[in-house]
Amino acid sequence: MTRIWDMLCAPGAQKAFSSAAPTQCPTTSVTTTSSTSEGFDEKRTSEELSVNSIKGLNLKTKARLLDRWLDAVVRASGSTTMFGSVIVGLLIWGLLGIKFHGEVDWQVFISDAQAILSYIFDSLLMRQSLNTYEDNLDVTTQLQSRMTSHIRMLDAVNTAIADGTLVQGPPARPSDLELELPRESAFGRCVTTFSLYFGHIGTVGVYWVGVLVWLCFGPRNGWSNTWQLYMNSATSALMTFTFVFLANIRERHAKHARISTDAAFKLDGRLEQRLRHLTRDNIPNPTVTVPPQTCTLLQRAIYYYADVVGTLVGILLLAVVMVAWLAIGPVLGFDANWWLIIGTYAGLIGLHDGFVLLNVQAHLRDHEAAQYDRVAVLEQTLFATARRPTPVQVQLPENALSFKLSLRASTAVGRVCANAWAVVGDVVLIVGLLIGSSLMSWDTTGQLLSNVPPSIIESFLMIILLPGHNWADAARRNQLDNIYRNRLDLLAWLEGVHHVDDTLLATKKAPSVIVSSLSA
């Protein structure tokens, strides 16, 4: 019984996260024997520095097969194939709408399809957010782990240079290293640029102007069901596009981040290997632990719900509801009311999921930012220990005024909507809509009352998710770029540092080389 209780309480629990960067020691010790002028055999042991043995990004693998399968589904939902398929589907729907736009059943059908699709994508986006959070914690803890070792060994290098054990020559950057991290493809950059405009405050303004215009036509159309269905159809198409676009760009950015982080980690590992060669240090990189978030009971309840949705339990519940919905179809004669039932259920739950998604993303991002701030502090300590000036850090490019205003506005609105009490407010709104629909006996107009407002609100929530995501992605890329440049600078400096024994050996082979090195 205790085990079952623990399983029920597990979702939403904020746990400490621990990780350590793989230790990158020189790979092989080679012993060579040579004869001295006195006739004795001299044995010399040297270490080989192998670039091929350096490990890049090594994220934790989930133990359960079910989790790995669900993550594959999440990646597929953000794929270009899925994005293209949905766009084609929307175009087909638009073309067919020319002929069937006047039929209520047609508009109800597309409303149901949108509500179900949005419901599913809510669960997928929730899991995508939780996965990104775990990956970022893994990246930051590994960076902190390796930087802790760097600082210890850099201090030892400077001590050895001071006492003459090491000789410092001119910096020498390895020629096989790229000067910059990999860049996005041309298509990827186009998609990112489009997302900046799609989430712009101007786009949000146009959206709400459209809603106001629709409301102004309400009295003229007698607040009819057809008038409501027009807005429901428009928001259905917009929300479907927004969901699949958001999933695609987040997966696209996550993939690019993994490639860039892998390149930065390989360079960081190469720096560690060089330091260990110079210092003969074989102490493993320490494990770094990120303490769990502290949260209120209400926030814990929201995390609990997010974890359940993120395990795609919500999709299983939707499948059960759909079976029941199909079963009562013959009883209701498959009329418009029957068609609207599943859309109403998925739309109301989807509205709640949208508020939860905003809340969880904001809180997880704050926790990630705190760990990246710790990395930035260690970065400064790294260069202070090396007694080298920190290279000029590349700043994020200045955005145009309209984009600054867009970011500030979306951030402000996002913070309000992401508040835990906003989630409570959305539950109150849903209860109010259910009461209103019940008073109308759940006829077509009553069900539209529980369909149209949630569609309008959720479309708005998904649009304002974009600027926050774009800014966070740009900030992470910028910090990773600076880390990469910093490592290039340190590695070039350390490539010019050698053991005295190695320098003397080079003297026997090429006296002129060592003379110039020592004079430098």
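In what follows, the accompanying structure is described. (Residues numbered from 1 in each chain as written. Predicted model: local features only at pLDDT ≥ 70, side-chain atom pairs only at ≥ 80, totals over all residues. Heavy atoms only, no water.)

**Some details on unusual backbone geometry**
Then step 1. The backbone phi angle of Trp223 is positive, close to 50 degrees, even though this residue is not glycine.
Then step 2. Examined against the element boundaries, Trp223 turns out to sit in the loop between helix H6 (201-216) and helix H7 (225-279).
Then step 3. Note on Trp223: relative accessible area 48%, which makes it partly exposed. (Helix = DSSP H or I, 4+ residues; strand = E, 2+ residues; numbered from the N terminus. Buried < 20%, exposed > 50% of the residue type's maximum accessible area, 1.4 Å probe, protein only.)

**Observations regarding the nonpolar core**
Then step 1. The biggest cluster of nonpolar side chains holds 68 residues, and the ones touching the most others in it are Phe245, Val360 and Leu461.
Then step 2. Residue contributions to this core peak at twelve residues, all from H7.
Then step 3. Counting residues in hydrophobic clusters, the runner-up holds 35 residues, among them Val139, Val375, Leu382 and Trp493. (Core = buried A, V, L, I, M, F, W, Y, C linked by side-chain atoms within 4.5 Å.)

**Some words on empty space enclosed by the protein**
Then step 1. Summed over all chains, the structure comprises one cavity of 30 Å³ or more.
Then step 2. As a volume, the largest cavity reaches approximately 50 Å³.
Then step 3. Lining the largest cavity, in full, are Ser111, Gln114, Ala115, Ser118, Met239, Gly343, Ala346, Gly347, Asn451, Pro454, Ser455 and Glu458.
Then step 4. Residue assignment for the lining of the largest cavity shows that the elements contributing at least two residues are helix H4 (104-163), helix H11 (336-386) and helix H15 (452-495).
Then step 5. Here the residues of the lining of the largest cavity are counted per class, giving four nonpolar, seven polar and one charged. (1 Å grid on protein atoms, 1.4 Å probe; cavity = no way out; pocket = protein on both sides within 12 Å on 5 of 7 lines; lining within 4 Å. Points joined across faces, edges and corners; volume = space filled by probe spheres on them. Nonpolar A, V, L, I, M, F, W, Y, C, P; charged D, E, K, R; others polar.)

**A short note on a nonpolar patch on the surface**
Then step 1. Nonpolar side chains collect at one region of the surface, where Ile328, Val331, Leu332 and Ile341 lie side by side and expose about 330 Å² of accessible area between them.
Then step 2. Tracing the backbone through its elements, the reader meets Val331 in helix H10 (residues 329-332).
Then step 3. Accessibility expressed as a relative area gives 71% for Val331, which makes it exposed. (Patch = residues over 30% accessible without salt bridge, like charges linked within 9 Å, V, L, I, M, F, W, Y side chains within 5 Å. Areas by Shrake-Rupley, 256 points an atom, 1.4 Å probe, with all protein chains shown as cover. Salt bridge = Lys/Arg side-chain N within 4 Å of Asp/Glu carboxyl O.)

**Digging into helix H3 (residues 80-100)**
Then step 1. With 21 residues, H3 extends 30 Å from end C-alpha to end C-alpha; this agrees with the ideal 30 Å at 1.5 Å per step.
Then step 2. By the burial criterion, the buried members of H3 are Phe83, Val86, Leu90, Trp93 and Gly97. Relative to the axis of H3, the buried residues are bounded by an arc of 85 degrees and lie together on one face. Among the exposed residues of H3, those oriented more than 90 degrees off its buried face are Thr81, Leu91, Leu95, Ile98 and Lys99. (Expected span 1.5 Å × (residues − 1). Arc of directions from axis to C-beta.)

**A few points about the packing of helix H5 (residues 186-198) against H7**
Then step 1. Closest axis-to-axis distance for the H5/H7 pair is 11 Å, and the angle between their directions is 135 degrees. What the angle tells us is that H5 and H7 run oblique. Here H5 runs over H7; the crossing is left-handed. Of the residues in H7, those touching H5 at Phe187, Gly188, Val191, Thr192, Phe194, Ser195 and Phe198 are Leu238, Phe241, Thr242, Phe245, Asn248, Ile249, Arg252 and His253.
Then step 2. Residue classes in the contact of H5 with H7 are distributed as eight nonpolar, six polar and one charged. (Axes fitted to C-alpha atoms, helices over the stretch in contact; angles between N-to-C directions. Parallel < 35°, antiparallel > 145°, perpendicular 65-115°, else oblique. Left-handed = near helix turned anticlockwise from the far one by under 90°. Contact = heavy atoms within 4.5 Å.)

**Looking at the pattern of salt bridges**
Then step 1. Scanning the model with the defined rule gives 19 salt bridges in all.
Then step 2. In this structure, Arg485 engages Glu180 in a salt bridge whose closest nitrogen and oxygen atoms are separated by 3.6 Å. On the criterion of sequence distance, the pair formed by Arg485 in helix H15 and Glu180 in the loop between strand S4 (166-168) and H5 is long-range, its members being 305 residues apart.
Then step 3. Relative accessible area serves as the criterion here: at 26%, Arg485 is assigned to the partly exposed category.
Then step 4. Linking Glu272 and Arg276 is a salt bridge whose minimum nitrogen-to-oxygen distance equals 2.8 Å. With Glu272 and Arg276 both in helix H7 and four residues apart, the pair spans about one turn of that helix. Side by side, Glu272 and Arg276 carry an identical accessibility label, which is buried.

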